[in-house]
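Tertiary structure, described
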Amino acid sequence: MTPLTEQDIRAAFVNCTKGEAKRLTVPRDLADRPWDDLDYLGWRDPQAPDRAYLVTVLDGRPTALALRCPTPAVRQPRRNMCTMCLTAPAGGVSLMVARRAGKAGQQGNSVGTYLCSDLACSLYLRGKKDAGAGARMHESLTLEEKIQRTVTNLRGFITTVTE
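The numbering scheme is per chain: residues are counted from 1 as the chain's sequence reads. Per-residue local features of the predicted model are confined to residues with pLDDT of at least 70, and side-chain atom pairs are confined, for both listing and counting, to 80 or more; whole-chain, interface and lining totals are unaffected and use all residues. Excluded from the side-chain calculations are hydrogens and water; all other atoms, namely the structure's heavy atoms, are used.

1. Description of the sheet that holds strand S2 (residues 51-58)
- Two strands make a pair as long as DSSP finds a minimum of two bridges between them. Numbered from the N terminus, helices here are DSSP runs of H or I no shorter than four residues, and strands are runs of E no shorter than two. If you trace the five strands from one edge of the open sheet to the other, you get S1-S2-S3-S4-S5, paired in antiparallel fashion. The open sheet has two free edges, formed respectively by strand S1 (41-44) and strand S5 (110-116), since each of these has just one partner strand. The average undirected angle you get between the axes of adjacent strands in this sheet is 30°.
- The strands that helix H5 (residues 143-162) touches are S2, strand S3 (61-68), strand S4 (93-99) and S5; relative to S2, the one it contacts most, it runs at about 110°. Every angle, taken between N-to-C directions, lies between 0 and 180 degrees, and every axis is a line fitted to C-alpha atoms, over only the stretch in contact when it is a helix. Any two residues whose heavy atoms approach within 4.5 Å are treated as being in contact.

Encoded structure:
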C-alpha cells in the first residue's frame, strides 16, 4: 500500500459526513507504519473504543470506512475467524458494522463483517505479527494468493457498503 497522509485519509471516507471525517482521530504515527506490508490501514479510535476505521487504495484512489464495533472486553476474546484474512487471532475477532454510503446510510442501513479486532490482517498474513497458536489454518496457497484473497474480500465489503 502506498503511504497516505492525514489529509488523504480524511478525504477518503465514503460512509460519513465531511464533518465526521474531520473530527475523527487519525493515527499520529502514519510515517512509521509498515506501508509495504499493509493491504489496508486499520485502527481503533483510542478516544472512542467503539469506533474503528479502515482505509485502502481501490482503483488508484484511497477509500475509507468508518466502523462501529463492540468495546474491547476484559474477558478472554472469542476465537472466531476473520472474514478478510481467515485468521482466528488470539486478540479476537469483532463484528464491525459500517453505515452504508449515500441514501441507504441516511436511512439507517448498515452492513457488518467479522474482522480481526486490532485490524492487523495484513501483518498476520505476512507473519509480521503473531496471531497465536492455531490461529492460521494450513493452506497450500502462496502468500501472494492469500494477500489477493484478503484484498478481494476487502473490496467486496467496501462494495457492499458503497452500493
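2. Some thoughts on the nonpolar core
- Counting residues in hydrophobic clusters, the biggest one holds 47 residues, and the most contacted among them are Ile-9, Phe-13, Leu-41, Val-55 and Leu-67.
- Of all the secondary structure elements, the ones that give two or more residues to this core are S1, S2, S3, S4, S5, helix H4 (121-125) and H5.
- Sequence-distant contacts of Leu-67, that is, excluding residues within four places in its chain, are made with Asp-50, Arg-51, Ala-52, Leu-54, Met-96, Val-97, Ala-98, Leu-115 and Phe-157. In this description, a nonpolar core means a group of buried Ala, Val, Leu, Ile, Met, Phe, Trp, Tyr and Cys residues linked to one another through side-chain atoms lying within 4.5 Å. Three exposure classes are used, based on accessible area relative to the maximum for each residue type with a 1.4 Å probe and protein chains only: buried under 20%, partly exposed in between, and exposed over 50%.

3. Digging into the packing of aromatic side chains
- Any two of the Phe, Tyr and Trp rings considered here, Trp counted by its six-membered ring, make a pair once their centres fall within 6.5 Å; the pair's planes then place it as stacked at under 30 degrees, edge-to-face at over 60, or tilted in between. Summed over all chains, the structure comprises two aromatic pairs.
- Both rings, one in Phe-13 and one in Tyr-53, keep their centres 5.8 Å apart while their planes meet at 90°; by these two values the pair is edge-to-face. Taken as a pair, Phe-13 in the loop between helix H1 (6-11) and helix H2 (18-23) and Tyr-53 in strand S2 lie far apart in primary sequence, 40 residues in all. Take Phe-13 and Tyr-53: they sit in the same class, and that class is buried.
- Between Trp-43 and Tyr-53, the aromatic rings sit 5.4 Å apart at their centres with planes inclined by 40°, giving tilted as the arrangement. Of the two residues, Trp-43 is situated in strand S1 and Tyr-53 in strand S2; the sequence distance between them amounts to 10 residues. Across the pair, Tyr-53 and Trp-43 agree in class, each one buried.
- One aromatic cluster in this structure is built from Phe-13, Trp-43 and Tyr-53.

4. Some details on H5
- Expected helix span is computed as 1.5 Å times (number of residues minus one). An ideal rise of 1.5 Å per residue puts 28 Å on 20 residues; H5 measures up with 29 Å between its terminal C-alpha atoms.
- Of all the residues in H5, the buried ones are Lys-146, Ile-147, Arg-149, Thr-150, Leu-154, Phe-157, Ile-158 and Val-161. All buried residues of H5 fall inside an arc of 170° around its axis, so they share one side.
- Looking at the buried positions of H5, the neighbouring elements they touch are S2, S3, S4, S5 and H4. Taken from the helix axis, the directions to the C-beta atoms give the arc we talk about.

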